[in-house]
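Commentary on secondary and tertiary structure
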Amino acid sequence: MRVTRGDDGRGAVRLRKPGPAAALGWAAFGLAAQAGANTSNGYNLPPGVTEISRDIYGLHMEAFWICVGIAVLVFGAMIYSLVKFRRSQGAVADTTLSHSTQVEIVWTLIPAVILVVMAIPAAKIILKMEDTRNSELSIRVTGYQWKWEYQYMDAAAGIDIFSTLARDSNFARQLHSGIDPYTVPNYLLNVDHPLVIPSGTKVRLLLTSQDVIHAWWVPDFGAKRSAVPGYVNELWFTVDSGKEGIYRGQCAALCGRDHGFMPIVVDVRTPDEFKKWVDEQKAVKPAPAAAASQPADGRTALSGQASAN
Ligand SMILES: [Cu+2]
């Protein structure tokens, strides 16, 4: 598996052709490594660029080290017993021992304590993930077969973006396209219009779908949630200031034929740059409410709609 930063300095992923052995590695780790271009080393979860992603990483490592400790103790005791009490050393099996209440109490209590130790921080983080209060920017995210729509609210109200697979990836993926996917930067992980958000800002996504169940997933944000038709799910993240750049993810629910062709790209900018981008978007393309205020027949739209801008 080869994942390197591209020369655009913004977390572009370049694929280098793997050998036959490395191809297996791709199958096992490739997806996670590609999607977490910025902070994944390709073998572990990405620590990410949000408080939640670091919390999740911390939980994951805590559970990992508990597992390592248990493995060392259990396998250590097993190996010691096998070597020390082998028949060639004159060991004789104890055929009288049927059970020991003391040992049963101990091997029930210790795992229970370990579970509680793991559950308390996990519950705290779950509660924090659900707390979408005081968000500063809300964006309605709608999944479609097979693209995403981002409708901004709050200060960026009126901006409405459809985000679809980048054209070079789309051409290369066609059967008999003759294009080597390894020559396409960010193959299947690039879009025409990324989601643009400000850093250091609590961003809340309101997720829904127009057809089947999709899932919005950006590993570096520690963010993944289903987009279900008829429901609105919430998700929030605050990307650390100073961690501006491009972050990539994918639809994480098997949503049909082209499920693998609806990637997610998030362009994180400083609040000032974001504000500039919002102004540009509004200047280039009148927001739907603004457009509605100047219909062809000259009627004016509802004042409530116009004030949304
Ligand atoms: Cu999908």
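The following paragraphs examine the structure supplied in this document. (Residues numbered from 1 in each chain as written. Predicted model: local features only at pLDDT ≥ 70, side-chain atom pairs only at ≥ 80, totals over all residues. Heavy atoms only, no water.)

1. Re the sheet that holds strand E4 (residues 147-152)
Across the sheet, five strands lie side by side as E5-E4-E3-E7-E10; this open sheet has mixed pairing. At either margin of the open sheet sits one strand with a lone partner, and together these are strand E5 (160-163) and strand E10 (233-238). Strand after strand, the sheet turns through a mean of 25 degrees between neighbouring axes, direction not considered. Direction of pairing for strand E3 (residues 137-144) relative to E4: antiparallel, over a ladder of six bridges. Bridging across to E4, Thr 142 finds its partner in Glu 149. (Pairing = 2+ DSSP bridges. Helix = DSSP H or I, 4+ residues; strand = E, 2+ residues; numbered from the N terminus. Axes fitted to C-alpha atoms, helices over the stretch in contact; angles between N-to-C directions.)

2. Overview of the sheet that holds strand E12 (residues 264-269)
Within the open sheet, the five strands sit side by side as E6-E12-E11-E8-E9. Their pairing is mixed. Only two strands of the sheet have a single neighbouring strand rather than two, namely strand E6 (195-198) and strand E9 (223-227). On average, each strand axis in the sheet is tilted by 25 degrees relative to the strand beside it, whichever way the strands run. On the sheet, helix H5 (residues 271-284) packs against E6 and E12 and is oriented at approximately 135 degrees with respect to E6. (Contact = heavy atoms within 4.5 Å.)

3. Comments concerning the packing of aromatic side chains
The final tally for this structure, using the stated rule, is nine aromatic pairs. One aromatic cluster is present, formed by Trp 216, Phe 221, Phe 237 and Tyr 247 through successive ring pairs. Sitting over the ring of Tyr 144, Lys 147 keeps its end group 5.6 Å from the ring centre. Of note, Lys 224 hangs over the ring of Trp 217, and the distance from its end group to the ring centre comes to 5.8 Å. (Phe/Tyr/Trp six-rings, centres within 6.5 Å; stacked < 30°, edge-to-face > 60°. Lys NZ or Arg CZ within 6 Å of the ring centre and 35° of its normal.)

4. Some thoughts on the nonpolar core
In this structure, Ile 139, Tyr 150, Tyr 152, Ile 197, Trp 216 and Phe 221 are the most contacted members of the largest nonpolar core, which totals 34 residues. When neighbours within four sequence positions are excluded, Ile 139 is seen to be in contact with Tyr 150, Gln 151, Tyr 152, Met 153, Leu 195, Ile 197, Val 203, Arg 204, Leu 205 and Leu 206. Core analysis: the second largest hydrophobic core is formed by five residues, Leu 165, Val 184, Tyr 187 and Leu 188 among them. (Core = buried A, V, L, I, M, F, W, Y, C linked by side-chain atoms within 4.5 Å. Buried < 20%, exposed > 50% of the residue type's maximum accessible area, 1.4 Å probe, protein only.)

5. Observations concerning the environment of Pro 194
With respect to the element layout, Pro 194 can be found in the loop between helix H4 (167-173) and E6. The partly exposed category is assigned to Pro 194, whose relative accessible area is 23%. A sequence separation of 73 residues divides Pro 194 from Asp 267, and the C-alpha atoms of the two residues are 6.1 Å apart.

6. Describing the pairing of E4
Taken together, E3 and the strand that follows it, E4, pair antiparallel across an intervening segment of two residues. Bridge count for E4 against E5 is four bridges, and the pairing is antiparallel. Residue pairing in the sheet places Trp 148 in a bridge with Ser 163 of E5.

7. Description of a nonpolar patch on the surface
Nonpolar side chains collect at one region of the surface, where Ile 70, Leu 73, Val 74, Phe 75, Met 78, Ile 79, Leu 82 and Val 83 lie side by side and expose about 800 Å² of accessible area between them. Among the secondary structure elements, Met 78 is positioned in helix H2 (residues 51-84). Accessibility expressed as a relative area gives 44% for Met 78, which makes it partly exposed. (Patch = residues over 30% accessible without salt bridge, like charges linked within 9 Å, V, L, I, M, F, W, Y side chains within 5 Å. Areas by Shrake-Rupley, 256 points an atom, 1.4 Å probe, with all protein chains shown as cover. Salt bridge = Lys/Arg side-chain N within 4 Å of Asp/Glu carboxyl O.)

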